[in-house]
Amino acid sequence: MKYRFLLHSALGFVFFLMIAVYAGRILQHLGGPELDLGGRQAATLAPRTRAFFDRLQHNLAITFFVSARENMPSHLKEVESEVRDLLDALRRRAPQHIEVRVIDPELSGAAGAAYAARRKASSFRVRRVLQDEHGQQPIWSSLILAHEGHPEILLQGLEDAHLLEELIVESLRALEQPPAPTFAVAAPPSFQLLTQFLGAYGRVVQVDLERRPDPDLEADVLFWMQPAAWSPEHSRFLQRFVDSGRTVVLAGSAYTVGYQLDEEGAARYRARLLPGGWESLLRPLG
């Protein structure tokens with residue numbers, strides 16, 4: 001009696017296990033939801049992503065140029081599947097607006113590479129170690145976002161899918177609501193027209209680099225016109241500004257030309273040397 005009970009229990013466990021396996025296969029075939037208790041899978045969309053694609057109103061074509069998994073180096077073998085999972089999750093979120101294509105340009109030879117080139121995508125080289133031999137291998141891993149009514153966006157050289165979701169959302173959001181740049185202008189009063197011109201494209205902040213050579217400046221581009229003073233502190237500030245990925249525009253002249261009218265009403269011009277340390281200011285930059 002005891003052995004019969006154990007036998008029935010074992011058979012029941014096997015039966016329920018088979019039900020669970022086949023149910024999982026059916027759900028996977030139907031594209032059912034996946035549980036991700038850790039929130040680490042690429043197919044688990046963040047709330048901000050779901051909200052963005054729920055209100056998507058225009059068509060979005062996503063093209064993923066990627067090499068086959070067997071052609072990827074070991075540290076990139078999971079990129080294709082992770083990106084595919086993410087793109088499938090996005091498509092399921094807005095199937096009426098999103099179209100996804102996955103293309104391996106290597107399968108079509110020159111024609112595939114030419115098609116990718118027309119979309120501005122290209123392969124890139126990564127380091128590969130095979131049997132103690134080091135070399136570089138060209139692979140494909142690029143994403144193109146074609147949002148209806150907007151220029152295409154190229155995300156080149158994808159090596160990690162974990163940050164791709166946020167990158168896609170922010171890139172598309174920037175198309176709909178382009179961020180306004182902030183311009184910093186350090187210039188004498190004669191450059192008022194420059195300030196007015198830049199104000200039509202973004203916010204303008206006036207700075208005085210002569211009195212404060214190392215300001216805590218939150219700006220995308222710095223225009224320093226006609227520098228009249230220089231110090232090592234200025235050079236260090238400019239180098240840090242450029243190293244942070246922002247842009248510095250230096251412009252001016254070594255001379256200024258003034259004029260005055262003589263007794264007969266004729267204009268006489270006179271060139272005057274302007275103060276400044278152009279050579280010392282530019283030397284550390286190149």
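Residues numbered from 1 in each chain as written. Predicted model: local features only at pLDDT ≥ 70, side-chain atom pairs only at ≥ 80, totals over all residues. Heavy atoms only, no water.

Undergrad: Explanation requested: the overall build of the protein chain in the structure shown.
TA: Assigned secondary structure in the protein chain consists of eight helices and 12 strands. For the protein chain, the proportion of its 286 residues judged to be buried stands at 30%. Long-range pairs, those at least 24 residues apart, make up 60% of the contacts in the protein chain between residues at least 6 apart in sequence. (Helix = DSSP H or I, 4+ residues; strand = E, 2+ residues; numbered from the N terminus. Buried < 20%, exposed > 50% of the residue type's maximum accessible area, 1.4 Å probe, protein only. Contact = heavy atoms within 4.5 Å.)

Undergrad: Would you mind showing me how to read the environment of P73 here?
TA: Tracing the backbone shows P73 in the loop between β1 (60-66) and α3 (79-93). The exposure class of P73 is buried, given its relative accessible area of 3%. Placed 66 residues apart in sequence, P73 and I139 show a C-alpha to C-alpha distance of 8.9 Å.

Undergrad: Help me out: how do you make sense of the pattern of salt bridges in this one?
TA: Where side chains of opposite charge bring their charged atoms close, a pairing between them can arise. Following the criterion strictly, the structure yields 11 salt bridges and no others. One salt bridge in this structure joins R84 and E80, with 3.1 Å as the shortest N-O distance. Separated by four residues within a single helix, R84 and E80 lie in helix α3, roughly one turn from each other. Residue classification places R84 among the partly exposed residues on the basis of a relative accessible area of 35%. Here D208 ties to R211 by a salt bridge, and the two come within 3.7 Å at their closest N and O atoms. Linked by salt bridges that have partners in common, R48, E170 and R173 make up one network. (Salt bridge = Lys/Arg side-chain N within 4 Å of Asp/Glu carboxyl O.)

Undergrad: Sorry if this is basic, but what is going on with the sheet that holds strand β10 (residues 247-251) here?
TA: Sheets are built from strands paired through backbone hydrogen bonds, the pairs being either parallel or antiparallel. Judged by pairing direction, the sheet is parallel, and its four strands sit side by side in the order β8-β7-β9-β10 without closing on themselves. The open sheet has two free edges, formed respectively by β8 (203-206) and β10, since each of these has just one partner strand. Across the sheet, the mean angle from the axis of one strand to that of its neighbour is 20 degrees, orientation sign disregarded. As judged from the five bridges shared by strand β9 (residues 221-225) and β10, these two strands associate in the parallel manner. By the bridge assignment for β10, W224 is matched with L250. Strands β7 (182-186), β8 and β9 of the sheet are contacted by helix α6 (residues 192-199), whose axis makes an angle of about 145 degrees with β8. Running over the sheet, helix α7 (residues 232-243) touches β9 and β10 and is turned about 150 degrees from β9. (Pairing = 2+ DSSP bridges. Axes fitted to C-alpha atoms, helices over the stretch in contact; angles between N-to-C directions.)

Undergrad: What am I meant to see in the sheet that holds strand β6 (residues 153-155) here?
TA: Taken in spatial order, the four strands make up an open sheet running β2-β1-β5-β6, and their pairing is mixed. Strand pairing shows two members of the sheet lacking a second neighbour, β2 (98-103) and β6, which therefore form its edges. Averaged over all adjacent pairs, the angle separating strand axes in this sheet is 15 degrees, with direction ignored. Here seven bridges tie β1 to strand β5 (residues 141-147), and the two strands are oriented antiparallel to one another. Bridge pairing in β5 places T63 opposite I144. Each of β1, β2 and β5 touches α3; the most contacted strand, β1, lies at about 170 degrees to it.

Undergrad: What's the story with the packing of α3 against helix α5 (residues 164-176) in this structure? I'm lost.
TA: Think of two packed helices as two axes; the pair is described by the angle between the axes and how far apart they sit. Interaxial distance between α3 and α5 falls to 11 Å at its minimum, and their mutual angle equals 45 degrees. By the criterion of interaxial angle, the relationship of α3 to α5 is oblique. The handedness of the crossing between α3 and α5 comes out as right-handed. Across from V83, L86 and L90 in α3, the residues of α5 making contact are L164, E165 and I168. Among the residues making up the contact of α3 with α5, the classes are represented as five nonpolar, no polar and one charged. (Parallel < 35°, antiparallel > 145°, perpendicular 65-115°, else oblique. Left-handed = near helix turned anticlockwise from the far one by under 90°. Nonpolar A, V, L, I, M, F, W, Y, C, P; charged D, E, K, R; others polar.)

Undergrad: It is not clear to me how the environment of Q136 should be interpreted in this structure. Could you clarify?
TA: Mapping Q136 onto the fold places it in strand β4 (residues 133-139). Sequence separation between Q136 and R125 is 11 residues, and the spatial gap between their C-alpha atoms is 5.9 Å. Not counting residues up to four positions away in its chain, the partners in contact with Q136 are R125 and V126.

Undergrad: When you look at the packing of aromatic side chains in this model, what are you seeing that I'm missing?
TA: Here a ring pair, both rings aromatic, is described through the centre-centre distance and the interplanar angle of the planes. Counting across every chain of the model gives six aromatic pairs. Taken together through their ring pairs, the aromatic side chains of F65, Y115 and W140 make up a single cluster. The ring of F241 has R246 sitting right over it, with the charged end atom 4.0 Å from the ring centre. (Phe/Tyr/Trp six-rings, centres within 6.5 Å; stacked < 30°, edge-to-face > 60°. Lys NZ or Arg CZ within 6 Å of the ring centre and 35° of its normal.)

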